[in-house]
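# A structural walkthrough
As a plain string of letters, each chain reads:
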Amino acid sequence: MNEIALELKDVKKTISNKEIIKGLNFQIKPGEVYGFIGPNGAGKTTTIRMMVGLMNLTEGDVKILGKSIQSEYKEAARNIGAIVENPELYSFMTGWQNLMHFARMYEGITKERIREVVSLVGLDNVINDKVKKYSLGMRQRLGVAQAILHKPAVLILDEPTNGLDPAGIREIRDYIRRLAEEDQVAVVISSHLLSEIELMCDRIGIIKHGEIISERYVNEESDQDDAQSDVKVIFDVGQADEAIKVLEDRDIEVKRESDKLVTEINRQEIPNIVQTMVNQNISVFGVTPIKATLEDQFLELTGGNVIE
Ligand SMILES: Nc1ncnc2c1ncn2[C@@H]1O[C@H](COP(=O)(O)OP(=O)(O)OP(=O)(O)O)[C@@H](O)[C@H]1O
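Quick caveat: nothing in here was measured; it's all calculated off a predicted structure.

### Considerations on the sheet that holds strand 5 (residues 67-68)
Judged by pairing direction, the sheet is antiparallel, and its four strands sit side by side in the order 2-1-4-5 without closing on themselves. If you trace the sheet from one side to the other, it starts and ends with strand 2 (18-28) and strand 5, each paired once. Here strand 1 (residues 6-15) pairs with strand 4 (residues 59-64) via five bridges, running antiparallel. Directly across from Lys12, in strand 4, lies its bridge partner Glu59.

### Focus on the sheet that holds strand 7 (residues 154-158)
The strand order across the open sheet built from six strands is 6-7-8-3-9-10, with neighbouring strands paired in mixed fashion. Every interior strand has two partners, whereas the edge strands, strand 6 (80-83) and strand 10 (211-217), have only one. Averaged over all neighbouring strand pairs, the angle between strand axes comes to 15°, with direction disregarded. Pairing analysis gives four bridges linking strand 3 (residues 33-37) to strand 9 (residues 203-208), with the strands arranged parallel. Note on strand 9: the bridge partner recorded for Tyr34 is Arg203. Against the sheet, helix 5 (residues 136-148) contacts strand 6 and strand 7, and its axis sits at roughly 160° relative to strand 6. Sitting on the sheet, helix 6 (residues 166-183) touches strand 3, strand 7 and strand 8 (186-191), and the angle it makes with strand 8 is about 150°.

### A word on the site of the ligand
Lining the immediate environment of the ligand, one finds Ile15, Ser16, Ile20, Gly38, Asn40, Gly41, Ala42, Gly43, Lys44, Thr45, Thr46 and His192. At three residues, the largest contribution of residues to the shell around the ligand is made by helix 1 (residues 44-51). When grouped by side-chain class, the residues that make up the shell around the ligand number three nonpolar, eight polar and one charged.

### Here we look at the environment of Ile244
Mapping Ile244 onto the fold places it in helix 8 (residues 240-248). For Ile244 and Leu261, which are 17 residues apart along the polypeptide, the C-alpha to C-alpha distance reads 7.6 Å. Dropping the residues within four chain positions of it, Ile244 is found in contact with Val254, Arg256 and Leu261.

### Concerning the nonpolar core
One broad trend across soluble globular proteins is that nonpolar side chains are buried collectively. Within the largest apolar cluster, 63 residues are counted, with the highest numbers of intra-cluster contacts made by Ala145, Leu155, Ile156, Val187 and Ile189. Sort the elements by how many residues they give to this core and helix 5 lands first, with six residues. Once you skip the residues sitting within four places of it in the chain, Val187 turns out to touch Val33, Tyr34, Leu155, Ile176, Leu179 and Ala180. If you look at the next biggest cluster of nonpolar residues, it comprises eight residues, including Val237, Val246, Leu261 and Ile273.

### Overview of the packing of helix 3 (residues 95-103) against helix 5
The N-to-C vectors of helix 3 and helix 5 enclose an angle of 25°; their axes lie 10 Å apart at closest approach. By the angle class used here, helix 3 and helix 5 are roughly parallel. By crossing handedness, the relation of helix 3 to helix 5 is classed as right-handed. Residues Gly95, Asn98, Leu99 and Phe102 of helix 3 form the contact with helix 5, whose participating residues are Leu142, Ala145 and Gln146. The residue inventory of the contact of helix 3 with helix 5, partitioned by class, reads four nonpolar, three polar and no charged.

Reading the values: the criteria
Residues numbered from 1 in each chain as written. Predicted model: local features only at pLDDT ≥ 70, side-chain atom pairs only at ≥ 80, totals over all residues. Pairing = 2+ DSSP bridges. Helix = DSSP H or I, 4+ residues; strand = E, 2+ residues; numbered from the N terminus. Axes fitted to C-alpha atoms, helices over the stretch in contact; angles between N-to-C directions. Contact = placed C-beta atoms within 7 Å. Near = placed C-beta within 6 Å. Nonpolar A, V, L, I, M, F, W, Y, C, P; charged D, E, K, R; others polar. Core = buried A, V, L, I, M, F, W, Y, C linked by C-beta atoms within 7 Å. Buried ≥ 20, exposed ≤ 12 C-beta atoms within 10 Å, placed from the backbone. Parallel < 35°, antiparallel > 145°, perpendicular 65-115°, else oblique. Left-handed = near helix turned anticlockwise from the far one by under 90°.

If you want it as structure tokens, here you go:
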């Protein structure tokens, strides 16, 4: 198997004398889910359009399983599945008819493969209904089904959870993880929301003004996990008032969000605090560290205002 599924090599884009993308470099392995985040106008859609061959590159190259999207378009495109902007669906046809229609564009897609994909995205019960009756979430899932019909090595999704409710977002998240883990598909997801993307990605790159300004693995230990430094931690407890007292008795500042207590403490103190809480019959459901570095960077980047 190819070690690298998708590679961007010094990709640049200039439109009307303005350099919109300023030299992007990254590599994604099979089975890896890469989150591409940044505020509106940062250059996500432009980059994605270049990755899938919908827009020419001004400089650099994009390679899919080692094939250049520019000089070997056909070979490269064969291994890409994508939803850029909204999935293209025919609402007067059923879900099944839509998939049959797209299957004809590729060679060798069997009905069995279509059934497999339908089942993967959980549309078995409604696949014979007309798409106009589908909810937004169902349409998105059909879009993904269509994008993966030909078993692409790389799946590229531009804002796949746009407009979905929390249940819909969770569904998308679950089957994207399954695709990566079971079929070793490399997935790129763009979003302007850190919170949702952090849960489904292995690695996240933050783009701003056409440059990657930060990149890290989601499970990577940050400097803040050092034994000596303070970490931001959420205590999820049954008896918030009592738990706040335990923390405040130790001069720890607490911010309360319903039953969740947000604190900044030394890692070494955690076991003792939990023990004190348990001794006082406080139910401790969880102690979760917050990855402050990425969150802070992202908030700093978007400044709470997603329009640049
Ligand atoms: N055809 C174009 N002509 C001129 N400027 C463009 C063109 N397409 C994009 N841009 C500019 O390039 C920048 C990046 O746009 P892009 O749509 O890639 O951002 P984005 O990160 O996808 O944002 P969003 O989250 O809003 O989709 C923006 O400043 C945009 O105004």
